[in-house]
Every structure is written in C-alpha cells, then in structure tokens.
Amino acid sequence: MSMSATRIDRRFAELKAQGRAALVTFLTAGDPDPDTSLAILRALPAAGADVIELGMPFTDPMADGPAIQLSSQRALKRGQSLGRTLDMVRAFRSGERSAPIVLMGYIYGVERFLADARDAGVDGLIIVDLPPEEDAELCLPALAAGLNFIRLATPTTDERRLPAVLAHTSGFVYYVSITGITGAAMPDTGRTVAAVERIKRHCQLPVAVGFGVRTPEQAAAIARGADGVVVGSALVNALKATLDGDDKATAATPSAVTDLVAELARGVRSARCGTGAEARQRP
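Residues numbered from 1 in each chain as written. Predicted model: local features only at pLDDT ≥ 70, side-chain atom pairs only at ≥ 80, totals over all residues. Heavy atoms only, no water.

**So, the environment of Asn148**
Locating Asn148 in the fold gives a position in strand β5 (residues 148-149). For Asn148, a relative accessible area of 1% corresponds to the buried category. Distance in space between the C-alpha atoms of Asn148 and Thr215 is 28 Å, their sequence separation being 67 residues. Polar side-chain contacts of Asn148 include one of 2.5 Å to the side chain of Thr6. (Helix = DSSP H or I, 4+ residues; strand = E, 2+ residues; numbered from the N terminus. Buried < 20%, exposed > 50% of the residue type's maximum accessible area, 1.4 Å probe, protein only. Polar contact = N/O pair within 3.5 Å; in protein donor to acceptor, adjacent residues only side chain to side chain.)

**Digging into the packing of aromatic side chains**
Tallied over the entire structure, the rule returns three aromatic pairs. Taken together, a centroid distance of 4.8 Å and an interplanar angle of 20° make the contact between Phe58 and Tyr106 stacked. Remark: Tyr106 occurs in the loop between β3 (101-105) and α5 (111-120) and Phe58 occurs in the loop between β2 (51-55) and α3 (66-77); sequence separation between them is 48 residues. The partly exposed category is assigned to Phe58, whose relative accessible area is 24%. The exposure class assigned to Tyr106 is buried, which follows from its relative accessible area of 3%. (Phe/Tyr/Trp six-rings, centres within 6.5 Å; stacked < 30°, edge-to-face > 60°.)

**Considerations on the pairing of strand β7 (residues 173-176)**
Of the two faces of β7, the one holding Val173 and Tyr175 and the one holding Tyr174 and Val176 are both buried throughout. Sheet analysis places strand β6 (residues 152-153) next to β7, joined by two bridges and oriented parallel. Across the sheet, the residue bridging to Leu152 is Tyr174, located in β7. Note: β7 against strand β8 (residues 207-210), four bridges, orientation parallel. In the strand pairing of β8, Val176 is matched with Gly210. (Pairing = 2+ DSSP bridges.)

**A word on the sheet that holds strand β1 (residues 22-28)**
An order of β5-β4-β3-β2-β1-β9-β8-β7-β6 is seen for the nine strands of this open sheet, with the pairing classed as parallel. Strands with a single pairing partner mark the edges of an open sheet, and in this sheet they are β5 and β6. Sitting on the sheet, helix α11 (residues 253-269) touches β1 and β9 (228-231), and the angle it makes with β1 is about 160°. (Contact = heavy atoms within 4.5 Å. Axes fitted to C-alpha atoms, helices over the stretch in contact; angles between N-to-C directions.)

**Let's talk about the nonpolar core**
Of all hydrophobic cores here, the largest spans 88 residues; its most connected members are Leu41, Leu44, Leu103, Leu125, Phe149, Tyr174 and Ile199. The element contributing the most residues to this core is α11, with six residues. Non-local contacts of Leu41, meaning those with residues more than four positions away in its chain, are made with Ile52, Leu54, Met88, Phe92 and Ile101. (Core = buried A, V, L, I, M, F, W, Y, C linked by side-chain atoms within 4.5 Å.)

**Section: the packing of helix α9 (residues 216-223) against α11**
Two numbers describe how α9 lies on α11: the axes approach to 7 Å, and their chain directions differ by 35°. Where α9 crosses over α11, the two elements pack in a sense that is right-handed. Residues Pro216, Ala219, Ala220 and Ala223 of α9 touch α11, and the partners they reach there are Glu263, Leu264, Gly267 and Val268. For the contact of α9 with α11, the residue count by class is six nonpolar, one polar and one charged. (Left-handed = near helix turned anticlockwise from the far one by under 90°. Nonpolar A, V, L, I, M, F, W, Y, C, P; charged D, E, K, R; others polar.)

**Some remarks on the pattern of salt bridges**
Summed over the entire model, instances satisfying the criterion amount to 14 salt bridges. Note that Arg7 and Asp123 form a salt bridge whose closest N and O atoms lie 2.6 Å from each other. With Arg7 in helix α1 (residues 7-18) and Asp123 in the loop between α5 and β4 (124-127), the pair connects residues that are 116 residues apart, well separated along the chain. For the residue pair Arg7 and Asp123, the accessibility class agrees, reading buried in each case. When the shortest N-O distance is used, the salt bridge between Asp116 and Arg112 registers 3.4 Å. Of this pair, Asp116 and Arg112 both sit in helix α5, separated by four residues, roughly a single helical turn. For Asp116, a relative accessible area of 24% gives the class partly exposed. Overlapping salt bridges, with partners in common, bring together Arg7, Arg93 and Asp123 in one network. (Salt bridge = Lys/Arg side-chain N within 4 Å of Asp/Glu carboxyl O.)

**Quick word on the packing of α3 against helix α10 (residues 233-240)**
Axis separation between α3 and α10 bottoms out at 9 Å; the angle between their running directions is 55°. One finds that α3 runs oblique with respect to α10. Crossing handedness for the pair α3 and α10: left-handed. Counted together, Ala67, Ile68, Ser71 and Arg74 of α3 and Ser233, Val236, Asn237, Leu239 and Lys240 of α10 form the full contact between these two elements. Residues belonging to the contact of α3 with α10 are distributed by class as follows: four nonpolar, three polar and two charged. (Parallel < 35°, antiparallel > 145°, perpendicular 65-115°, else oblique.)

**Considering α5**
Where α5 is concerned, the buried positions are Phe113, Leu114, Ala117 and Ala120. Axial view of α5: buried residues confined to an arc of 135°, hence all on one face. Residues of α5 that are exposed and point over 90 degrees away from its buried face: Glu111, Arg112 and Asp119. Looking at the packing, one finds that the buried side of α5 touches α4 (82-93), β3, β4 and α6 (139-144). Positive backbone phi, at 110°, marks Gly121, one or two positions downstream of α5. (Arc of directions from axis to C-beta.)

Shape is all these values report; function is a separate question.
Written out as structure tokens, the structure reads:
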C-alpha cells in the first residue's frame, strides 16, 4: 500500500543525507504528571531528539520492563488517558511542525482512534500486541489513514518469519536488540549490526535499534551500524530519580531528561551511520 511521504520518512531521509543515525527517544505520556510531561515533550527536539516515541499508559503491559511499567502507573494515577495523550500531541504540534511523533503501546479501538490520532498530529504507531496475522484489524487501516505502522523485529525473528513481519511495515523497522523486556540488558553491538544487515536484505526501510541502550557510548556504537537508536528506560529512570517521595515532579525533573537526551544526541551524532563492513571500519 503506497503512502505519501510522512514526517518519519522525511526525517530519516534528511538524516541519511547528513550521514548520521536518528536518536529516537521514548517517554510515557503523563509521567510524572500532565504538565511536566508536556513541558519535557516540547523540549525534546531542541535537546536533540530526532523522532519521539510517546508511550500510551497501559495497565497490563507485555514488553515493558519495571521502569516503564512504573511510569505508566504514575501517569494513570495522575489521570492520564488516551484522550489526554492525544491532547498532548495537539499542544506539541501547536509549536512544533516537523518532529515526528510515534505513539507506542497496546491496541485500542480503531476508527475513532486513527482519526483522532491523525488529527492530533501523530505520525506513526507501534502496537506491541498486534501480530502480522491481524494486520487487517489496525495496521492496514492505519496505513490507509496516512499513519506509519512500525513493526518490531527481534533476535528470534527468523528468515521465515521476517517477511511477514515486514510486509506492511512503514516508516522504519524497530529492531529489539535483546530477548526480554525493556531495560533488562545491554545489547551486543556485533550481533546487533549483523541483525540490522539481515533485516536490510529484506527491505529498504531504515532500521532503528532499541531495548537496553543507556549511555552516549552505547548509542554511538549502535549508530555506526543502524539508521536510528531508540532510548526509553534510561530516560524514564532519569526522570524517576528526580521525583519526590510522592512521585511528584521537582524543579530538576525536566532538565534531567533533556540533559540526558542532549548527551545521547552528541553520542549518536559523533558516529557516522551505515551498516556492515563499512560501518565496522569507520573510526
């Protein structure tokens, strides 16, 4: 299914022309409270985030580790909902037109959700609990609505399964670099680069690598062999470390996140992107 170029497509094309990988940042909408969350969201592009993943808080996550599970609980406790998450995107879009936003989470209703998401300024979806066999339920309608539908590939996605995973993927492929939940372990760079190479033999889409990337040095190492680096749990943990005893934001909360994003962005931008032997030979 053909689509017009989206913000995600344009952003990865721009970065490819610059010869560098994208920094993709994840935060949970409404964590630790709606106002602080929106302030951080608005500050992310200037801090160095190229693509923003915004988590939709959910009570029963499957792929998320403790840090992101707790961030969802904090957001839900403060009244965050899907409607408020889309309102956050609308508020963000009132001042920022070019930074792509991807909603990440679990499946909700379809028709109204897609219309509201597109209207709010959302660019793509990552829906963790929807397999390719159910593409007609949300993936194909999302593409028809002009939203990128971003699939996750994992170390256990073999050659027979990969074509099905990639069949209707658009925007970019999210490669999960570890077998496990978010934030559980650090990725093996060599294996990750080899996996990116394998995925690229099956499609022309950018490949972004996430799960386990915590430091600027790790981000730079991954960026040499991938088109994007996704960081989530490290940012959520940086936010959590600044909260008071009641899990409320402090004056240090926004800058703790944006300062780490800036460090990660410097790491990513210090590495020239590419894959394979060429990437491994670069200094």
